[in-house]
Amino acid sequence: MGKPLRIIVTVLVVIAVIALIGWVLSSNKKKNEAQTAAVAETNSAAIAVTVDTVKRTQLALSFAANGNFMAASEISLAAEKSGRVTRILVDEGSYVTKGQLLVTIKMNQLSVELDNAKASYANALRDKERYENAFATGGVTRQQLDQAILTLKNAEAKVQQAAISIDDANILAPFNGVVNKRHIEPGAVLSPGTALFDIVDVSKLKLQVLVNESQVVLLKKGDNVKIKASVFPDKTFDGVISFIAAKSDESLNFTVELEVKNQGENLLKAGMYGTASFEFPATAPAIAIPRSAFVGSVSSNQVFVLDKDKARIRKVTAGRITGDVVEVLDGLSEGEVIISSGQINLVDGSQVQTVK
């Protein structure tokens, strides 16, 4: 084979390879275009959703809430004056009654102040009597007599104040309760603010629980509530709602406090765990739908209703919420079909396809 022939063969081979590459590229392009069209067709097709049929449901309004028992009354007694502890008449665990003497404090300075105040009062009383006699004979003016009377009143006030300070040295129980903690020892030197005793009253306790917005509207002060304590599973305690918060916390929960009467020898202790059972009578069945059916949230009051193969937005009025079920007061009829999931991709009139 001559050199010109080899050149011709090489050129033909190169041309064939180029043609083959071009055919492969063209074929791949057609396949990609077909896939793109299929995807586009798929994207323009029906959106997959799940549906529920609207029906009447018995709403379960009763619920339970957990919390911790707290003492109805609790105080940390502190010294108001400086002095030295002379006697302690109660100990930790002692039951005390209102007005009972708990500790005496020796305050020499206060005793001196009371003696001085009494002496000043006695002098002011004698001066007032002398001025009255002198005024009767014209020996002093009315202004001088009035000043003597004012001095006597001021002296009397100082005696009363000194006596009150002395009384403050005798620390009395402010209410009936139990000494939970004693912070002082005999002979201790006190200053104003020194902690003396922690006293708690557990004859009545408070159970504080949190309820959501749909539950708090069912409650009112004075309602009777049954309460259980985790450590006494076989006992039931009577509670009464004593407080309902007027404002929710950041989690949209409302604080509710229940006053609980203790039983027997004060079985319940502050800090124990308790459960309040809020019971409500059965109501007539109402139209209710899953909470997930609402567009965005229940507050939007909008749902999608299935109209053949299209989604239609519908304005409704939401009522009570119990768990994952929401009562619908207006806007839906029994037997209609609503879209319960997949709404995030929908607009009014979107074509949909129901899936299980």
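The structure we're discussing is the one just above.
These remarks concern the structure in this document. (Residues numbered from 1 in each chain as written. Predicted model: local features only at pLDDT ≥ 70, side-chain atom pairs only at ≥ 80, totals over all residues. Heavy atoms only, no water.)

**What to know about the overall build of the chain**
Here's step 1: A count of helices and strands for the chain gives four helices and 21 strands.
Here's step 2: For the chain, the residues scored as buried account for 29% of the 356 residues in total.
Here's step 3: Long-range contacts, defined as pairs at least 24 residues apart, comprise 72% of the intrachain contacts of the chain with a sequence gap of at least 6.
Here's step 4: Accessible area for the chain stands at about 21800 Å²; split by element, carbon and sulfur atoms hold 54% of it. (Helix = DSSP H or I, 4+ residues; strand = E, 2+ residues; numbered from the N terminus. Buried < 20%, exposed > 50% of the residue type's maximum accessible area, 1.4 Å probe, protein only. Contact = heavy atoms within 4.5 Å. Areas by Shrake-Rupley, 256 points an atom, 1.4 Å probe, with all protein chains shown as cover.)

**Remarks on the environment of Arg84**
Here's step 1: Within the secondary structure layout, Arg84 lies in strand S4 (residues 83-88).
Here's step 2: On a C-alpha basis, the gap between Arg84 and Gly187 in space is 5.9 Å, while along the polypeptide they are 103 residues apart.
Here's step 3: Not counting the four nearest positions on each side in its chain, Arg84 is found in contact with Thr104, Ile105, Lys106, Gly187, Ala188 and Val189.

**Some thoughts on the side chain of Ser350**
Here's step 1: Summarising the element assignment, Ser350 is placed in the loop between strand S20 (337-341) and strand S21 (352-354).
Here's step 2: Those residues in contact with Ser350 that sit more than four places away from it in its chain are Ile47, Asp309, Lys310, Ala311 and Asn345.

**Observations regarding the packing of aromatic side chains**
Here's step 1: The full count for this structure, using the stated rule, is two aromatic pairs.
Here's step 2: Between Phe63 and Phe278, the ring centres sit 4.8 Å apart and the planes meet at 20°, which makes this aromatic pair stacked. One end of the pair, Phe63, is in strand S3 (residues 63-78); the other, Phe278, is in strand S14 (residues 273-278), and 215 residues separate them in sequence.
Here's step 3: The exposure class assigned to Phe63 is buried, which follows from its relative accessible area of 11%. (Phe/Tyr/Trp six-rings, centres within 6.5 Å; stacked < 30°, edge-to-face > 60°.)

**Considering the side chain of Arg182**
Here's step 1: Here Arg182 is to be found in strand S8 (residues 177-182).
Here's step 2: Of the polar contacts made by the side chain of Arg182, one reaches the backbone oxygen of Ile184; its length is 3.0 Å.
Here's step 3: Setting aside anything within four residues of it in sequence, one finds Arg182 in contact with Ile88, Val90, Asp91, Glu92, Leu196 and Phe197. (Polar contact = N/O pair within 3.5 Å; in protein donor to acceptor, adjacent residues only side chain to side chain.)

**Describing the nonpolar core**
Within soluble globular proteins, side chains that are nonpolar generally end up buried alongside one another.
Here's step 1: Grouped together as the largest cluster of nonpolar side chains are 26 residues, with contacts concentrated most on Phe69, Leu207, Val211, Ile227, Leu258, Leu268 and Phe278.
Here's step 2: Residue assignment for this core shows that the elements contributing at least two residues are S3, strand S10 (195-212), strand S11 (224-229), strand S12 (232-244), strand S13 (253-261) and S14.
Here's step 3: With six residues, the top contributor of residues to this core is S10.
Here's step 4: Filtering out sequence-adjacent residues up to four positions away, Phe278 remains in contact with Ser62, Phe63, Ala65, Val209, Leu219, Val225, Ile241 and Leu258. (Core = buried A, V, L, I, M, F, W, Y, C linked by side-chain atoms within 4.5 Å.)

**So, the pairing of strand S1 (residues 47-53)**
Here's step 1: Of the pairings in the sheet, the one linking S1 to S21 comprises three bridges and is parallel in character. In the sheet register, Ile47 faces S21, and the bridge partner there is Val352.
Here's step 2: Examined bridge by bridge, S1 and S20 share four bridges and lie antiparallel to one another. Following the sheet pairing, Thr53 is matched in S20 by Val337. (Pairing = 2+ DSSP bridges.)

**Comments concerning the sheet that holds strand S6 (residues 101-106)**
Here's step 1: The strand order S7-S6-S4-S9 describes an open sheet built from four strands, whose pairing is antiparallel. Every other strand in the sheet has two partners, leaving strand S7 (170-172) and strand S9 (189-190) as the edge strands with one partner each.
Here's step 2: In the sheet, S6 pairs with S7 via three bridges, with the strands oriented antiparallel. Following the sheet pairing, Thr104 is matched in S7 by Asn170.

**A closer look at the layout of surface pockets**
Here's step 1: The space that makes up the largest pocket amounts to roughly 220 Å³.
Here's step 2: As for the largest pocket, its lining consists of 17 residues, of which Asn212, Ser214, Gln215, Arg291 and Ile321 are closest to the centre.
Here's step 3: Sorting the residues of the lining of the largest pocket by element identifies helix H4 (213-216) and strand S18 (317-322) as the ones contributing at least two each.
Here's step 4: Looking at the lining of the largest pocket residue by residue, the class counts come to six nonpolar, eight polar and three charged.
Here's step 5: Here the lining of the largest pocket gathers at least three residues from each of two domains, domain 1 (47-59 + 284-354) and domain 2 (62-98 + 174-280). (1 Å grid on protein atoms, 1.4 Å probe; cavity = no way out; pocket = protein on both sides within 12 Å on 5 of 7 lines; lining within 4 Å. Points joined across faces, edges and corners; volume = space filled by probe spheres on them. Nonpolar A, V, L, I, M, F, W, Y, C, P; charged D, E, K, R; others polar. Domains from an automatic or database assignment.)

**Here we look at the pattern of salt bridges**
Here's step 1: Under the defined criterion, the tally for this structure stands at 11 salt bridges.
Here's step 2: Here Lys226 makes a salt bridge to Asp238, at a shortest N to O gap of 2.8 Å. Taken together, the residues Lys226 in strand S11 and Asp238 in strand S12 connect sequence positions 12 residues apart.
Here's step 3: For Lys226, a relative accessible area of 48% corresponds to the partly exposed category.
Here's step 4: With relative accessibility at 48%, the residue Asp238 sits in the partly exposed group.
Here's step 5: The salt bridge partner of Glu336 is Arg314, with a shortest N-O separation of 3.0 Å. Here Glu336, found in the loop between strand S19 (325-330) and S20, pairs with Arg314, found in strand S17 (residues 310-315); they are 22 residues apart in sequence, far enough to count as distant.
Here's step 6: Take Glu336: its relative accessible area is 22%, and that puts it in the partly exposed class. (Salt bridge = Lys/Arg side-chain N within 4 Å of Asp/Glu carboxyl O.)

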